[in-house]
Amino acid sequence: MKLFFEASEKKFELIVSLSEKSLLDLDNSFWHEIVHACKASILSEVNNKYVKAFLLSESSLFVWHDRIIMITCGTTGLANAILKLIQTIDTENIKSLIYQRKNEYNSRGQITSFMDDISELRNVFPGSSIRVGNLDEHHNFIFSFENNYQADSND
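This write-up is about the structure you can find in this document.

### Observations concerning the overall build of the protein
Consideration 1: A count of helices and strands for the protein gives three helices and eight strands.
Consideration 2: Taken across its 155 residues, the protein has 42% of its residues classed as buried.
Consideration 3: Long-range pairs, those at least 24 residues apart, make up 62% of the contacts in the protein with a sequence separation of at least 6.
Consideration 4: A total of about 9100 Å² of accessible surface is found on the protein, and carbon and sulfur atoms cover 49% of it.

Right under this line is the structure:
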């Protein structure tokens, strides 16, 4: 039997508005739970006063004061990590969420599809989705939370 590893990327960026708190204040056990929710694990971590960077079994996680970027591949369920996050980070504090998923080579080997993922996310976030690229070639599916977020001019 041949083993196949799906390297197509799943990614989200979440930007929050936390007046007195920082995402950097959340301890590492919290981040282990988030990563575990998508069926991956943390292999190592480096940090400074500006960012925590985690090497994952299926890619990486970056945490700043007000934002998170998590990238996974393989058969991870990245939308589950987002749903776990909002149990701690109230949705009213979320300024922006962009969820992206590249087309897979072996989509039948995945635990979810992009449509499954956005169906779950839309239960919590109003949003829209698009496909960028040709359907029969490489392409990305993108879901974005619709809340009229405007990035700061220096962002």
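On we go from here.
### Overview of the packing of helix α1 (residues 28-37) against helix α2 (residues 78-85)
Consideration 1: At a closest axis distance of 7 Å, the pairing of α1 and α2 adopts a crossing angle of 140°. It follows that α1 is oblique to α2 by the angle criterion. When α1 is examined against α2, the residues F30, W31, E33, I34 and A37 are found in contact with a partner set consisting of N80, A81, K84 and L85.

### A word on α1
Consideration 1: Listed as buried for α1 are F30, W31, I34, V35 and A37. One face of α1 carries all of its buried residues, which in axial projection span an arc of 155°.
Consideration 2: Where α1 terminates, the next one or two residues include K39, which has phi positive at roughly 75°.

### Brief notes about the pattern of salt bridges
Pairing between side chains of opposite charge can happen when their charged atoms approach one another.
Consideration 1: Tallied over the full model, the rule gives four salt bridges.
Consideration 2: Among the salt bridges present, the one from K84 reaches E33, with a minimum N-O distance of 3.9 Å. Of this pair, K84 sits in helix α2 while E33 sits in helix α1, and the two are 51 residues apart along the sequence.
Consideration 3: Shared partners join several salt bridges into a network, and the residues in it are E13, D66 and R67.

### Brief notes about the packing of α2 against helix α3 (residues 114-122)
Consideration 1: The contact between α2 and α3 brings their axes to 9 Å, and the two run at 10°. Between α2 and α3, the angle falls in the class roughly parallel. Two secondary-structure elements touch here, α2 through A79, I82 and L83 and α3 through D117, E120 and L121.
Consideration 2: Among the residues forming the contact of α2 with α3, the class breakdown is four nonpolar, no polar and two charged.

### Comments concerning the sheet that holds strand β5 (residues 67-72)
Consideration 1: Taken together, the eight strands give an open sheet; going across it, the order is β2-β3-β4-β5-β1-β6-β8-β7, and neighbouring strands pair in antiparallel fashion. Both outer strands of the open sheet, β2 (42-47) and β7 (127-133), are each paired with one neighbouring strand and no more. Mean inter-strand twist for the sheet, computed between neighbouring axes without regard to direction, equals 10°.
Consideration 2: In this sheet, strand β3 (residues 52-56) lies alongside β2 in antiparallel orientation, the contact comprising five bridges. Paired with N47 across the two strands is K52, which belongs to β3.
Consideration 3: Contacting β2, β3, β4 (59-63) and β5, α1 crosses the sheet at an angle of about 40° to β3.
Consideration 4: Each of β1 (10-16), β5 and β6 (94-102) is contacted by α2, which is oriented at about 20° to β1, the strand it contacts most.

Rules and cut-offs
- Residues numbered from 1 in each chain as written.
- Predicted model: local features only at pLDDT ≥ 70, side-chain atom pairs only at ≥ 80, totals over all residues.
- Heavy atoms only, no water.
- Helix = DSSP H or I, 4+ residues; strand = E, 2+ residues; numbered from the N terminus.
- Buried < 20%, exposed > 50% of the residue type's maximum accessible area, 1.4 Å probe, protein only.
- Contact = heavy atoms within 4.5 Å.
- Areas by Shrake-Rupley, 256 points an atom, 1.4 Å probe, with all protein chains shown as cover.
- Axes fitted to C-alpha atoms, helices over the stretch in contact; angles between N-to-C directions.
- Parallel < 35°, antiparallel > 145°, perpendicular 65-115°, else oblique.
- Arc of directions from axis to C-beta.
- Salt bridge = Lys/Arg side-chain N within 4 Å of Asp/Glu carboxyl O.
- Nonpolar A, V, L, I, M, F, W, Y, C, P; charged D, E, K, R; others polar.
- Pairing = 2+ DSSP bridges.

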